[in-house]
Amino acid sequence: MSEPIVFEPLFMERVWGGRRLETRYGKRLPPGARVGESWEIVDREEAQSVVHDGPFRGSTLHDLWTEHRDTLFGTGFADIARFPLLFKILDAQERLSMQVHPPAEVAARIGGESKTEMWHILETLTGAAIYAGLRNGVTRDDFSAALADSHIADRVHRIPTHAGDTMFIPSGRIHAIGAGNLIFEVQQNSDTTYRVFDWNRIGLDGAPRPLHIAESLASIDFADHEPTMLQPSGETIAHCEHFHVEKWHLDAPRSSGGETFAVIMILSGEVECCQRRFTAGRFLLLPADCPDRELTPRATGTTLLRTTIPRPS
């Protein structure tokens, strides 16, 4: 009998990271490390989620994807070599680099992998913001000139952030997460990032982190000016060909539904599923064949994010 699958998170030390994953969600971080990312569900050659408990304990996500794909994830994924999404929580104690992910056609030409992602803001500190897209009127020539004198932040659109905001980051959109943001991220299964500017920062190894100027300039969409936060459509907070994300305010038992898998992140409160309880900051993968897909709130103010992959029309 299938049941919710819970994976061990992978903690990534980053020069811009902090300790809020521990203080906010009780995650057991490596002592003294500045953890910027918790990779909650991932299937990459260099990084594998491992099942924490239950009948698949010790199996990797790739094991499940290759050996039990139709049963656990649903049909329609036969031609996809790896689980196609990556789920993270990011703790930006300091601002991240100005960066871009290559569109598919650029990635095919210069290497790397395309990546579209979305951010849902979990918490912010006073004055927190993100950068996304170019300011109105900025051209490629303006941007290149600003890059030469380290003033590109003046050319990128800055947006104040608040808990509950959602931003869509298609491949080709220049972006950076500002200091003070705690963020849920779902993205295509890619780890290609081109840094165009890193605030003249020194990395964890004591040296400046490498930049990718030529690749960035080839990837940035210079027609992308001043995007805004996504506005919910009912419960849907983000939708594209790669993922569909809903935000549920759970005040009564509710079935996750569907004939495919769903990834659930608990935002607040507590959820019971299959006689197991999950608190804020926890992720569970509900398999396609799970006979009991009911999610029951066990605390007032329970909210969650539910992510699925859209089926081709």
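The shown structure was predicted, so the numbers you read here are calculated from the model rather than taken from an experiment. (Residues numbered from 1 in each chain as written. Predicted model: local features only at pLDDT ≥ 70, side-chain atom pairs only at ≥ 80, totals over all residues. Heavy atoms only, no water.)

Student: How should the overall build of the protein chain be read in this particular structure?
Tutor: On a plain count of helices and strands, the protein chain comes out with six helices and 24 strands. For the protein chain, the C-alpha radius of gyration of 20 Å lies close to 20 Å, the compact-globule estimate for 313 residues. In terms of its C-alpha atoms, the protein chain occupies a principal-axis envelope of roughly 60 × 40 × 40 Å. Put simply, the protein chain has 313 residues, and 55% of those count as buried. (Helix = DSSP H or I, 4+ residues; strand = E, 2+ residues; numbered from the N terminus. Rg over C-alpha atoms; globule rule 2.2 N^0.38 Å. Buried < 20%, exposed > 50% of the residue type's maximum accessible area, 1.4 Å probe, protein only.)

Student: I tried to follow the side chain of Thr302 on my own but got confused; where do I start?
Tutor: Examined against the element boundaries, Thr302 turns out to sit in strand E24 (residues 302–308). Classification of Thr302 by relative accessible area gives buried; the value is 2%. A polar contact of 3.3 Å, which involves the side chain of Thr302, links it to the backbone nitrogen of Glu270. (Polar contact = N/O pair within 3.5 Å; in protein donor to acceptor, adjacent residues only side chain to side chain.)

Student: Whenever I open this one, the sheet that holds strand E20 (residues 270–273) confuses me. Can you help?
Tutor: The pairing of strands in a sheet comes from backbone hydrogen bonds and takes either a parallel or an antiparallel form. Strand order in this open sheet of four strands is E18-E23-E20-E21, and the pairing throughout is antiparallel. Each edge of the open sheet is held by one strand with a lone partner, namely strand E18 (254–255) and strand E21 (276–279). Alignment of E20 against E21, held across four bridges, turns out to be antiparallel. Bridge pairing links Cys273 to Arg276 in E21. (Pairing = 2+ DSSP bridges.)

Student: Help me understand unusual backbone geometry, please; the structure alone is not making it clear to me.
Tutor: Generally, phi is negative for residues other than glycine and the peptide bonds are trans, each holding for most cases. For Asn200, which is not glycine, the phi torsion reads 55° and is therefore positive. Positionally, Asn200 belongs in the loop between strand E15 (194–197) and helix H6 (213–219). Its relative accessible area of 62% is what places Asn200 among the exposed residues. We note that Cys274 has phi near 55°; this positive angle belongs to a residue other than glycine. When you line up the elements, Cys274 lands in the loop between E20 and E21. Its relative accessible area of 24% is what places Cys274 among the partly exposed residues.

Student: In this structure, what is going on with the sheet that holds strand E3 (residues 35–41)? I would like to understand it.
Tutor: With antiparallel pairing, the six strands of this open sheet are ordered in space as E2-E3-E7-E14-E9-E12. In this open sheet, the two edge strands, each paired with only one partner strand, are strand E2 (10–18) and strand E12 (166–169). Each strand of the sheet is rotated relative to its neighbour by a mean of 25°, with strand direction disregarded. Relative to E12, strand E9 (residues 117–124) is paired through four bridges, and the arrangement is antiparallel. Paired with Trp119 across the strands is Met167, a residue of E12. (Axes fitted to C-alpha atoms, helices over the stretch in contact; angles between N-to-C directions.)

Student: Explain helix H5 (residues 140–148) here, please?
Tutor: Of all the residues in H5, the buried ones are Phe143, Ala146 and Leu147. Burial along H5 is one-sided: seen end-on, the buried residues are contained in an arc of 105°. Among the exposed residues of H5, those pointing more than 90 degrees away from its buried face are Asp141 and Ala148. Buried residues along H5 sit against strand E10 (129–134), strand E11 (156–160), E15 and H6. Downstream of H5 by one or two residues, Ser150 has phi in the positive range, about 60°. (Arc of directions from axis to C-beta. Contact = heavy atoms within 4.5 Å.)

Student: Any chance you could explain the packing of aromatic side chains here in plain terms?
Tutor: To describe a pair of aromatic rings, you give the distance between the ring centres and the angle between the ring planes. This structure, assessed with the given rule, holds 13 aromatic pairs. Ring plane angle 80° and centroid distance 5.7 Å describe the contact between Trp65 and Phe83, whose orientation is recorded as edge-to-face. Of this pair, Trp65 sits in helix H2 (residues 61–67) while Phe83 is found in the loop between helix H3 (69–73) and strand E7 (85–92), placing the two residues 18 residues apart along the sequence. A ring pair is formed by Phe77 and Phe261, whose centres lie 6.2 Å apart and whose planes are at 55°; its orientation type is tilted. With a gap of 184 residues between them, Phe77 in the loop between H3 and E7 and Phe261 in the loop between E18 and strand E19 (262–268) connect regions that are remote in the sequence. (Phe/Tyr/Trp six-rings, centres within 6.5 Å; stacked < 30°, edge-to-face > 60°.)

Geometry only, nothing functional implied.
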